[in-house]
Amino acid sequence: MTVTPDRPTPNAAADPAGPTIIDRFVAANREYAVDFRDGGMDARPVQRIAVVACMDARLDLFAALGLALGDAHVIRNAGGVVTDDTIRSLTISQRALGTRSIALIHHTGCGLLGLTEDFRRELELEVGQRPQWAVEAFVDLDGDVRQSMQRVRTSPFLPHTDDVRGFVFDVHTGLLREIR
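Residues numbered from 1 in each chain as written. Predicted model: local features only at pLDDT ≥ 70, side-chain atom pairs only at ≥ 80, totals over all residues. Heavy atoms only, no water.

1. Description of the packing of aromatic side chains
Move 1: With the rule as written, the count across this model stands at one aromatic pair.
Move 2: Ring geometry for Tyr 32 and Phe 36: centres 5.5 Å apart, planes at 45 degrees, overall tilted.
Move 3: Among the residues examined, Phe 36 registers a relative accessible area of 42% and is labelled partly exposed. (Phe/Tyr/Trp six-rings, centres within 6.5 Å; stacked < 30°, edge-to-face > 60°. Buried < 20%, exposed > 50% of the residue type's maximum accessible area, 1.4 Å probe, protein only.)

Pasting the structure below:
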């Protein structure tokens, strides 16, 4: 199972005797909680939007989209593709929590570009069990954004599909390019 990242992967557990990355998260959370004040926000996003995007660590969606805490639901997965679980989250977002708009954001240099279903087969050989999920890899970035928009627009579970837009985020320039 060969995956080639854009850059070398840092070894988060390089010193087995020292704190792990999760230990550092817990410590950072304790520092964060010292000044934390409950702003009384509701679970419903202020901007009434859900954003579906890739899990890629290079995408700082709040900064790139000018969002503040409480503005939007942000749903992230590998590739930012619209899967059954994405539809589940969007359905809850709309029907229970009042969102009306959906922005879909893929990006350049995505790890799913060029990956194939061979990934699943190799994984099955390695662990002895076939994953129930599809890789959802793609070779045409714009085409996959269009496919994701179509999946959202045709879902019978989503009552608000009139404001669905798709974009490709350029990881080198920080700019969004709209896909129609």
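2. So, the nonpolar core
Move 1: In terms of nonpolar packing, the biggest core is built from 22 residues, with Leu 90, Ile 102, Leu 104 and Val 152 touching the most fellow members.
Move 2: Elements represented by at least two residues in this core include exactly strand S1 (49-54), helix H3 (84-95), strand S3 (101-107), helix H5 (141-153) and strand S4 (164-169).
Move 3: Residue contributions to this core peak at four residues, all from H5.
Move 4: Of all hydrophobic cores here, the second largest spans 11 residues; its members include Val 51, Ala 72, Ala 103 and Phe 169. (Core = buried A, V, L, I, M, F, W, Y, C linked by side-chain atoms within 4.5 Å. Helix = DSSP H or I, 4+ residues; strand = E, 2+ residues; numbered from the N terminus.)

3. Focus: the pattern of salt bridges
Move 1: Per the stated rule, a full pass over the model turns up 10 salt bridges.
Move 2: Note that Arg 130 is salt-bridged to Glu 124, the shortest N-O span being 2.9 Å.
Move 3: Overall, Arg 130 belongs to the partly exposed group, its relative accessible area being 38%.
Move 4: Judged by its relative accessible area of 28%, Glu 124 is partly exposed.
Move 5: Asp 142 is the salt-bridge partner of Arg 177, the closest N and O atoms lying 2.9 Å from each other. Placement of Arg 177 in strand S5 (residues 176-179) and of Asp 142 in helix H5 is noted, with a sequence separation of 35 residues between them.
Move 6: Salt bridges linked by common partners bring Arg 165, Glu 178 and Arg 180 together as one network. (Salt bridge = Lys/Arg side-chain N within 4 Å of Asp/Glu carboxyl O.)

4. Section: the layout of surface pockets
Move 1: Roughly 160 Å³ of volume is contained in the second largest pocket.
Move 2: Considering the residues around the second largest pocket, the lining is formed by Ile 49, Val 51, Leu 65, Leu 67, Ser 101, Ile 102, Ala 103, Ile 105, Asp 163, Arg 165, Phe 167 and Leu 176.
Move 3: Going through the elements one at a time, S1, S3 and S4 are the ones with two or more residues in the lining of the second largest pocket.
Move 4: Among the elements that make up the lining of the second largest pocket, the one with the highest residue count is S3 (four residues).
Move 5: Residue composition of the lining of the second largest pocket, by class: nine nonpolar, one polar and two charged. (1 Å grid on protein atoms, 1.4 Å probe; cavity = no way out; pocket = protein on both sides within 12 Å on 5 of 7 lines; lining within 4 Å. Points joined across faces, edges and corners; volume = space filled by probe spheres on them. Nonpolar A, V, L, I, M, F, W, Y, C, P; charged D, E, K, R; others polar.)

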